[in-house]
Amino acid sequence: MYFTKEKVKANAKMVRIGMTDEMAEKMTSELENVIEWIKGLDDVNVDGVEPLNSVADHPLPRRTDTIVVENTREEVLSSAPAPDDEGEFFTVPKIIE
């Protein structure tokens, strides 16, 4: 166990965050879950992957610009909540008064 309720409350006090016992219990549990997730990164296979200090020295991989799926106006408007009378636009309710 990396975190205890007392450690969480002490850190919260240092950064001047008010924290109840219930909040400290919840935060302790959440922090433990984060640590467990980070430990899971040890299982990632990185064989053959060179260490990288900066991505600025490496060009980004390029891909061809091809259309994979073509959506027609009718297909897109078929999921519209309320198409207008002519069926050319999405009609949405006014939200700003």
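Residues numbered from 1 in each chain as written. Predicted model: local features only at pLDDT ≥ 70, side-chain atom pairs only at ≥ 80, totals over all residues. Heavy atoms only, no water.

### Considerations on the overall build of the protein chain
Move 1: For the protein chain, the count of helices and strands is three helices and zero strands.
Move 2: In terms of overall size, the protein chain is more extended than a compact globule, its C-alpha atoms giving a radius of gyration of 26 Å where 97 residues would be expected to give roughly 13 Å.
Move 3: If you line up the protein chain on its principal axes, its C-alpha atoms span 65 × 50 × 25 Å.
Move 4: Looking at the protein chain residue by residue over its 97 residues, the buried ones come to 7%.
Move 5: Look at the contacts in the protein chain between residues 6 or more apart in sequence, and 24% of them connect residues 24 or more apart.
Move 6: When the accessible area of the protein chain is evaluated, it comes to approximately 9500 Å², of which 56% is carbon and sulfur surface.
Move 7: Distance between charge centres in the protein chain, computed from 11 positive and 21 negative side chains, equals 13 Å. (Helix = DSSP H or I, 4+ residues; strand = E, 2+ residues; numbered from the N terminus. Rg over C-alpha atoms; globule rule 2.2 N^0.38 Å. Buried < 20%, exposed > 50% of the residue type's maximum accessible area, 1.4 Å probe, protein only. Contact = heavy atoms within 4.5 Å. Areas by Shrake-Rupley, 256 points an atom, 1.4 Å probe, with all protein chains shown as cover. Lys, Arg positive; Asp, Glu negative; His and termini not counted. Charge placed at Lys NZ, Arg CZ, Asp CG, Glu CD.)

### Description of helix H2 (residues 21-40)
Move 1: Here H2 spans 29 Å end to end across 20 residues, near enough to the 28 Å set by a 1.5 Å rise per residue.
Move 2: Every buried residue of H2 is accounted for by Ala-24, Thr-28 and Glu-32. One face of H2 carries all of its buried residues, which in axial projection span an arc of 75°. Opposite the buried face of H2, by more than 90 degrees, sit the exposed residues Glu-22, Lys-26, Asn-33 and Trp-37. (Expected span 1.5 Å × (residues − 1). Arc of directions from axis to C-beta.)

### Section: unusual backbone geometry
Move 1: A positive phi is found at Arg-16, a non-glycine position, where the angle reads about 60°.
Move 2: With respect to the helices, strands and loops of the structure, Arg-16 is situated in the loop between helix H1 (5-14) and H2.

### Re the pattern of salt bridges
Move 1: Tallying each qualifying case throughout the model produces four salt bridges.
Move 2: Lys-5 is the salt-bridge partner of Glu-25, the closest N and O atoms lying 3.8 Å from each other. With Glu-25 in helix H2 and Lys-5 in helix H1, the pair connects residues that are 20 residues apart, well separated along the chain.
Move 3: The exposure class of Lys-5 is partly exposed, given its relative accessible area of 24%. (Salt bridge = Lys/Arg side-chain N within 4 Å of Asp/Glu carboxyl O.)

### Side note on the confidence of the model for the protein chain
Move 1: Of all residues in the protein chain, 92% attain a pLDDT of 70 or more, and the chain-wide mean is 84.
Move 2: The spread of mean pLDDT over the elements of the protein chain runs between helix H3 (residues 73-77), the lowest at 76, and H2, the highest at 93. (pLDDT = per-residue confidence, 0-100.)

### Quick notes on a nonpolar patch on the surface
Move 1: Residues Val-34, Trp-37, Ile-38, Leu-41, Val-44, Val-46 and Val-49 make up a contiguous nonpolar surface patch of about 690 Å² in total accessible area.
Move 2: You can see Val-34 is positioned in helix H2.
Move 3: You can call Val-34 partly exposed: its relative accessible area is 44%. (Patch = residues over 30% accessible without salt bridge, like charges linked within 9 Å, V, L, I, M, F, W, Y side chains within 5 Å.)

### So, the packing of H1 against H2
Move 1: Interhelical geometry of H1 versus H2 gives an angle of 105° and a closest axis separation of 9 Å. Relative to H2, the element H1 lies roughly perpendicular. On H2, the residues that touch Lys-5, Val-8 and Lys-9 of H1 are Asp-21, Ala-24, Glu-25, Met-27, Thr-28 and Leu-31.
Move 2: In terms of residue class, the contact of H1 with H2 is built from four nonpolar, one polar and four charged. (Axes fitted to C-alpha atoms, helices over the stretch in contact; angles between N-to-C directions. Parallel < 35°, antiparallel > 145°, perpendicular 65-115°, else oblique. Nonpolar A, V, L, I, M, F, W, Y, C, P; charged D, E, K, R; others polar.)

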